[in-house]
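Each chain, letter by letter, is given below.
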Amino acid sequence: MGALEKELASRKEEITKGVELFFKANMTITDWDVPEVDDHAAAKQLVAIMQEALDKIKADITAGEYDYY
């Protein structure tokens, strides 16, 4: 395993928890803003928004946006 793989493996749990916390925080905000919200529908829409953002990041990676060297 190379240095990059070791680094990311050591932080995988932290990254995963961060994503989950981001999701849960946005679900909480949605519940505050729309008390009668269907939580299942809100969760699905929030995941779709997050996936759209990840897809954009993937496209940016492919386009070389993060190739700093």
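The present account deals with the structure reproduced in this document. Predicted model only: the values in this text are computed from it and were never measured. Counting from 1, residues in each chain are numbered in the order their sequence is written. Confidence filtering applies because this is a predicted model: local features only for residues at pLDDT of at least 70, side-chain atom pairs given and counted only at 80 or more, and all residues used for totals across whole chains, interfaces and linings. Note that water and hydrogens are dropped before the side-chain values are worked out from all heavy atoms of the structure.

Notes on the pattern of salt bridges
Point 1. Any carboxyl oxygen of Asp or Glu that lies within 4 Å of a side-chain nitrogen of Lys or Arg is treated as forming a salt bridge with it. Counting across every chain of the model gives 4 salt bridges.
Point 2. With a shortest N-O distance of 2.6 Å, R11 and E7 are connected by a salt bridge. Linking R11 with E7, this pair stays in helix α1 (residues 3-33), spanning 4 residues, or about one helical turn.
Point 3. Take R11: its relative accessible area is 33%, and that puts it in the partly exposed class.
Point 4. We note a salt bridge from K56 to D60, for which the minimum N-O separation is 2.9 Å. Secondary structure elements are defined from DSSP: runs of H or I of at least 4 residues count as helices, runs of E of at least 2 residues count as strands, and each element is numbered from the N terminus. The cut-offs for exposure are 20% and 50% of the maximum accessible area for each residue type, with area from a 1.4 Å probe on protein chains only; residues under the lower value are buried, those over the upper are exposed, and the others partly exposed.

Observations concerning helix α2 (residues 39-62)
Point 1. Multiplying one less than the number of residues by 1.5 Å gives the expected span of a helix. Here α2 spans 34 Å end to end across 24 residues, near enough to the 34 Å set by a 1.5 Å rise per residue.
Point 2. Here, two residues are considered to be in contact whenever any of their heavy atoms come within 4.5 Å of each other. Tucked into the core, α2 has its buried residues touching α1.
Point 3. With a side-chain oxygen lying 3.0 Å from the backbone nitrogen of H40, the N-terminal cap of α2 falls on D38.
Point 4. At the exit of α2 stands G64, carrying a positive phi of roughly 85°. In the analysis that follows, any N or O atom pair within 3.5 Å is treated as a polar contact, provided that within protein one partner can donate a hydrogen and the other can accept it, and provided that, for residues neighboring in sequence, both atoms belong to side chains.

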